[in-house]
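Now for the letters of each chain:
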Amino acid sequence: MHRLQSLANRSLISGAFDQCPALPRTSVKTSPKKSPCRVGVRRKSQEASIDGPYGLKRYSTSEATVAATVGNGQIREKTLTMETLNPQVKAVEYAVRGPIVIKAGEIERYLQEGGKKPFTEVIKANIGDAHAMGQQPITFLRQVVALCTFPELLDSPSFPKDAKWRARRILQSCGGQSIGSYSASKGVDCIRQDIAAYIEQRDQGVPANWENIFLTTGASDGIVSILRLLVSGQAHARTGVMIPIPQYPLYSAAIAEMDAVQVNYYLDEDNCWALDVHELHRAYQTAKEHCQPRVLCIINPGNPTGQVQSKKCIKDVLHFAYEENLFVMADEVYQDNVYAPDCQFHSFKKVLYEMGPEYFNSVELASFHSSSKGYTGECGFRGGFMEIVNLDPEVKSQLVKMLSVRLCPPVTGQAAMDVIVNPPQPDEPSHGQFYKEKGLVLGALADKAKLTEHILNAVPGIKCNPVQGAMYAFPRIFIPPRAVEEAQVRPAPPASPHTGHCPLHLARVTAHFTSELMGHFNSCFKLLLSRVMRSTLTWVPVSAYEPVLCCLLSYSNGCVQALGMQPDMMYCLRLLEETGICVVPGSGFGQREGSYHFRMTILPSAEKLKVLLEKVHDFHIKFLNEYSALDEAQHSVS
């Protein structure tokens, strides 16, 4: 009932009725002679009173339920429920927009409505959304996209000639010379040609064929499309996908949705998150016992870890892929975001070429880039591309077929991508301003990378590797054993804004208890009971068991599973609730057992970033003192 009450003000199929003022709703009627669940709508007389806008009366969900009954008075069951939902969808998790971010949104709305907290704003450092953090757009990019979107501006003297030339060229390649038309499924031809020229220049002459270039809806679209080609098989023949840990949750989510096998290889945190080829061999050989590893994914520069892989490391990885006949997926969306003076971005394709024809003509490779990162930060345009190398021609035809189903990526995003790969040249009027703006963005990010590392490493119990590239820090945090123990009995946050804590009932759950599970429950309940007994209460009612069960158990398909909260999730929730800082727990990206981290972006302005880092410093000291672990933390992550 509480759910119905919370939805009481939502209208019954209001979207349909709002478009038809001639059919105002006055009542919901059912007739035994008519089919069940039919909603009756009749015209309202001219003299009758009118409720709501457009002369419509809105019905709450609880009222509408009356119409959704069968002949015996039972509520008609829904076709799509959590029980009938695709189990692969339920397996998908995406920490970057998970429970912490949902909670941050709730706090933001609470503050906007006049609520009081120990802070006045929520600082979201959970996602690499540059413009949301205050970064200004690159003028030339916006000029070209504006001209493509509104061609009448081509006659305006306010726009430079080089922007107009690019816009005209793009429009001439669009159907009807309009950016609102569909493009070819691979993308606009002239943009694909510009991307090929960009890759050749970036890789110092390594040839690039524009027929191997595919425009995508952000890099994510390309990554998922390639994975769909690769995933197949059942049981031990299922495709294994090797991904770095920590990883960007897109990979684990896509693998879960496709029912593939996630094969973890761990980056070396003690060596600035380097990729060790011996760890690749270990992960591969272990995975062969239960699946068929076919794909190797690399993120360079790293997300969430911020490392930039050396050329030697990339060469070792490609040699490993060659020996084990693995398809290589190189996520290179942060290729412009390199800050450490002793680091340089090397594309996997360029290194593969330098290894000689035996490698370059045989290793299958897909590399990805995006308009969302780099110095432009144009996330909303959803621009991106992928280049494929050595793909079987018949498989390539299947890829084109599959991409044709989604028609084409956003053409505005394609136009934005074109500016990134075809920037103003030295003899063009926009060159000076373009590179000044680019330099300011990348210079500020480099400064903030150093600032983040410096301040975090000054906090007892926090260790942050150098942020060599990308847009994130992934510091290791010491969480005292008592806090870890507390997390085991704390209710987990809801996975979505529409679900609460586990909706369990004692009678339903206890029937599935085992002695082992009951023992686990009792030990956790004793911990909670000991805290209650330290308060003014001298007894605990039986009803207290249900919330305890909610934090320990999850009922799904007749099974009871132990629950708890990840310690770094509890840490990040408390950080949010006490300081307004929104970061993502490391458990959402993967980490070695017994280690804890959080990911934060370095995108906020320098002033706001300092505030954020100072709040993290103060919170962590307070957190350690609360568990009497400050001295222990001094040596824990060194």
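Below, the structure is looked at part by part. (Residues numbered from 1 in each chain as written. Predicted model: local features only at pLDDT ≥ 70, side-chain atom pairs only at ≥ 80, totals over all residues. Heavy atoms only, no water.)

Section: the overall build of the protein chain
Then step 1. The secondary structure content of the protein chain amounts to 24 helices and 16 strands.
Then step 2. Expressed as a percentage of the 638 residues in the protein chain, the buried residues total 49%.
Then step 3. Across the protein chain, the fraction of contacts at a sequence separation of at least 24, relative to all contacts at a separation of at least 6, is 72%.
Then step 4. Roughly 31,000 Å² of accessible area belongs to the protein chain as shown, and the carbon and sulfur atoms make up 52% of that amount. (Helix = DSSP H or I, 4+ residues; strand = E, 2+ residues; numbered from the N terminus. Buried < 20%, exposed > 50% of the residue type's maximum accessible area, 1.4 Å probe, protein only. Contact = heavy atoms within 4.5 Å. Areas by Shrake-Rupley, 256 points an atom, 1.4 Å probe, with all protein chains shown as cover.)

Things to note about the sheet that holds strand 15 (residues 584–585)
Within a beta sheet, neighbouring strands are joined by backbone hydrogen bonds and run either parallel or antiparallel to one another.
Then step 1. Read from one edge to the other, the open sheet built from 3 strands follows the order 10-16-15, with strand pairing classed as antiparallel. Two strands close off the open sheet at either side, each with one partner strand: strand 10 (472–473) and strand 15. (Pairing = 2+ DSSP bridges.)

A look at the pairing of strand 5 (residues 292–299)
Then step 1. Of all the 8 residues making up strand 5, 6 are buried; the element is thus mostly covered by neighbouring parts of the structure.
Then step 2. In terms of strand pairing, strand 3 (residues 239–245) meets strand 5 through 4 bridges, oriented parallel. Its bridge partner being in strand 5, Thr-239 is matched across the sheet by Gln-292.
Then step 3. The pairing of strand 5 with strand 6 (residues 327–331) spans 5 bridges and is parallel. Considered in strand 6, the bridge of Ile-298 is made with Ala-330.
Then step 4. Assessed by its sense of winding, the connection that carries the chain from strand 5 through helix 12 (residues 311–324) to strand 6 is right-handed. (Right-handed = clockwise from strand over helix to strand, strands pointing away.)

Concerning the side chain of Asn-300
Then step 1. In this fold, Asn-300 is placed in the loop between strand 5 and helix 12.
Then step 2. Note on Asn-300: relative accessible area 0%, which makes it buried.
Then step 3. From its side chain, Asn-300 meets the backbone nitrogen of Gln-309 in a polar contact 2.8 Å long.
Then step 4. Aside from chain neighbours lying at most four places away, what touches Asn-300 is Gln-307, Val-308, Gln-309, Ile-314, Asp-331, Glu-332, Phe-345, His-346 and Phe-348. (Polar contact = N/O pair within 3.5 Å; in protein donor to acceptor, adjacent residues only side chain to side chain.)

Things to note about the packing of helix 5 (residues 99–112) against helix 22 (residues 567–579)
Then step 1. Where helix 5 contacts helix 22, the two axes come as close as 10 Å, and the packing angle between them is 15°. Judged by the inter-axis angle, helix 5 sits roughly parallel to helix 22. You can see that helix 5 and helix 22 cross each other, and the crossing is right-handed. Facing Pro-99, Ile-100, Lys-103, Ala-104 and Ile-107 of helix 5, the residues of helix 22 in contact are Met-569, Cys-572, Leu-573, Leu-576 and Glu-577. (Axes fitted to C-alpha atoms, helices over the stretch in contact; angles between N-to-C directions. Parallel < 35°, antiparallel > 145°, perpendicular 65-115°, else oblique. Left-handed = near helix turned anticlockwise from the far one by under 90°.)

Considerations on helix 22
Then step 1. Between its first and last C-alpha atoms helix 22 spans 18 Å; for 13 residues at 1.5 Å apiece the expected length is 18 Å, and the two agree.
Then step 2. Restricting attention to buried positions, one finds in helix 22 the residues Pro-567, Asp-568, Met-569, Met-570, Tyr-571, Cys-572, Leu-573, Arg-574, Leu-575, Leu-576 and Thr-579.
Then step 3. Where helix 22 terminates, the next one or two residues include Gly-580, which has phi positive at roughly 85°. (Expected span 1.5 Å × (residues − 1).)

Considerations on the environment of Thr-452
Then step 1. Considering the arrangement of structural elements, one finds Thr-452 in helix 17 (residues 431–456).
Then step 2. Considering only alpha carbons, one finds Thr-452 and Val-467, 15 residues apart in sequence, at a separation of 8.2 Å.
Then step 3. With residues near it in sequence (within four places) discarded, Thr-452 still touches Ala-473, Met-600, Ile-602, Leu-609 and Leu-613.

Remarks on unusual backbone geometry
Then step 1. A cis amide bond links Ile-245 with the next residue in sequence, Pro-246, at an omega value of 5°.
Then step 2. In this chain, Asn-303 is followed by Pro-304 through a cis amide linkage whose omega measures 20°.
Then step 3. Structurally, the position occupied by Pro-304 is in the loop between strand 5 and helix 12.
Then step 4. Located in the positive-phi region is Arg-382, a residue other than glycine, with phi close to 55°.
Then step 5. Note on Arg-382: relative accessible area 30%, which makes it partly exposed.

Comments concerning the nonpolar core
Then step 1. Core analysis: the biggest nonpolar cluster contains 124 residues, and Ile-226, Met-329, Tyr-571 and Met-600 have the highest contact counts within it.
Then step 2. Among the nonpolar cores identified, the runner-up in size contains 37 residues, and Met-242, Tyr-284, Ala-330 and Phe-589 belong to it. (Core = buried A, V, L, I, M, F, W, Y, C linked by side-chain atoms within 4.5 Å.)

Some points on the pairing of strand 2 (residues 213–217)
Then step 1. For strand 2, the tally of buried residues reaches 4 of 5 residues, placing the bulk of the element in the interior.
Then step 2. Of the strand pairs in this sheet, strand 2 and strand 8 (residues 383–389) are connected by 5 bridges, and their pairing is antiparallel. Across the sheet, Leu-215 pairs through a bridge with Phe-385, a residue of strand 8.

A word on the pattern of salt bridges
Then step 1. Following the criterion strictly, the structure yields 20 salt bridges and no others.
Then step 2. Of the charged contacts, one joins Lys-349 and Glu-387 as a salt bridge, the two residues approaching to 2.6 Å between their closest N and O atoms. Of the two residues, Lys-349 is situated in helix 13 (residues 348–354) and Glu-387 in strand 8; the sequence distance between them amounts to 38 residues.
Then step 3. On the basis of relative accessible area, Glu-387 is assigned to the buried category, the value being 2%.
Then step 4. When the shortest N-O distance is used, the salt bridge between Lys-622 and Glu-578 registers 3.0 Å. Residue Lys-622 is found in helix 23 (residues 606–626), and its partner Glu-578 is found in helix 22; the two are separated by 44 residues along the sequence. (Salt bridge = Lys/Arg side-chain N within 4 Å of Asp/Glu carboxyl O.)

Some words on the packing of helix 6 (residues 139–149) against helix 16 (residues 411–421)
Then step 1. Viewed as axis vectors pointing N to C, helix 6 and helix 16 meet at an angle of 140°, and their least axial separation amounts to 9 Å. Between helix 6 and helix 16 lies a crossing of right-handed hand. When helix 6 is examined against helix 16, the residues Phe-140, Leu-141, Val-144, Val-145, Cys-148 and Thr-149 are found in contact with a partner set consisting of Thr-412, Ala-415, Ala-416, Val-419 and Ile-420.
Then step 2. Of the residues belonging to the contact of helix 6 with helix 16, the class tally is 9 nonpolar, 2 polar and no charged. (Nonpolar A, V, L, I, M, F, W, Y, C, P; charged D, E, K, R; others polar.)

A short note on helix 10 (residues 249–257)
Then step 1. Along helix 10, 8 of the 9 residues are buried, which leaves the element largely enclosed by surrounding structure.
Then step 2. Along helix 10, the positions that sit buried rather than exposed are Pro-249, Leu-250, Tyr-251, Ser-252, Ala-253, Ala-254, Ile-255 and Ala-256.
Then step 3. Remark: Asp-259 follows helix 10 within two positions and exhibits a positive phi of approximately 60°.

Things to note about the environment of His-454
Then step 1. Examined against the element boundaries, His-454 turns out to sit in helix 17.
Then step 2. Residues His-454 and Leu-613, 159 residues apart in the sequence, show an inter-C-alpha distance of 10.0 Å.

Describing the sheet that holds strand 5
Then step 1. Taken in spatial order, the 7 strands make up an open sheet running 2-8-7-6-5-3-4, and their pairing is mixed. Of all the strands in the sheet, the pair left with one neighbour each is strand 2 and strand 4 (261–266). In this sheet, adjacent strand axes meet at a mean angle of 25° when their direction is disregarded.
Then step 2. Along the sheet face, helix 11 (residues 277–287) touches strand 3, strand 4 and strand 5 and points at about 155° away from the line of strand 4.
Then step 3. Contacting strand 2, strand 7 (365–370) and strand 8, helix 16 crosses the sheet at an angle of about 70° to strand 8.

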